[in-house]
Amino acid sequence: FRSTFNFHERRNEANPPKLWFSITNRGRSSALVDILTLSDYKNTDSGFLVSGGGFPIPSGPDGDYELVEVKPGDTISIVIPLEHLENHRANLEAELAESGSRKDVSFRDFYITTNFSGREFKKKIPRRVVKKMKRALAEEETLQ
């Protein structure tokens, strides 16, 4: 499989900045893909579920879901608004400050995690993308 991160900056009011993530099945057989979570590297239990795109979304009272089948050559992707990522980062930073541990949390500390064809897939957001995200956040603050 192959994973790709990209960042799309604000183009207009209706198109806010967002992180784009995709996985392409480069194998010869179909692969089953699990739900996608975003977590901090030190605190993997405090991650949040990323819903939408081609990834499975838990539903029902027990949070049941079915794995998504990705055929050879196919790509599934998801778009995460920068606002959601910033809210998660700020909440995590506040939790850590309350507990008296590390106080600053960066987007660089985040992992995207899923299971792809039975193997755990854990990938950090690349530095080049994090730089774009920080720049976009600064621009968003000046717009408000």
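Please read these numbers as outputs of a predicted model, since none were measured by experiment. (Residues numbered from 1 in each chain as written. Predicted model: local features only at pLDDT ≥ 70, side-chain atom pairs only at ≥ 80, totals over all residues. Heavy atoms only, no water.)

**Focus on the nonpolar core**
Phase 1: Counting residues in each nonpolar core, the largest one holds 31 residues, and the members touching the most others are L19, F21, F55, F107, I125 and M133.
Phase 2: At the level of secondary structure, the elements contributing two or more residues to this core comprise β1 (2-8), β2 (18-24), β3 (31-33), β4 (36-40), β7 (75-81), α1 (82-99), β8 (110-116) and α2 (127-143).
Phase 3: Considering every element that reaches this core, the biggest residue donor is α2, with five residues.
Phase 4: The contact partners of L19, leaving out residues within four places of it in the chain, are F5, N6, F7, I78, V79, I80, L85, I125, V129 and M133. (Core = buried A, V, L, I, M, F, W, Y, C linked by side-chain atoms within 4.5 Å. Buried < 20%, exposed > 50% of the residue type's maximum accessible area, 1.4 Å probe, protein only. Helix = DSSP H or I, 4+ residues; strand = E, 2+ residues; numbered from the N terminus. Contact = heavy atoms within 4.5 Å.)

**A word on a nonpolar patch on the surface**
Phase 1: A cluster of nonpolar side chains, namely L32, Y65 and L67, defines an oily patch on the protein surface of about 260 Å² accessible area.
Phase 2: Note that L67 resides in the loop between β5 (43-50) and β6 (68-70).
Phase 3: Relative accessible area serves as the criterion here: at 43%, L67 is assigned to the partly exposed category. (Patch = residues over 30% accessible without salt bridge, like charges linked within 9 Å, V, L, I, M, F, W, Y side chains within 5 Å. Areas by Shrake-Rupley, 256 points an atom, 1.4 Å probe, with all protein chains shown as cover. Salt bridge = Lys/Arg side-chain N within 4 Å of Asp/Glu carboxyl O.)

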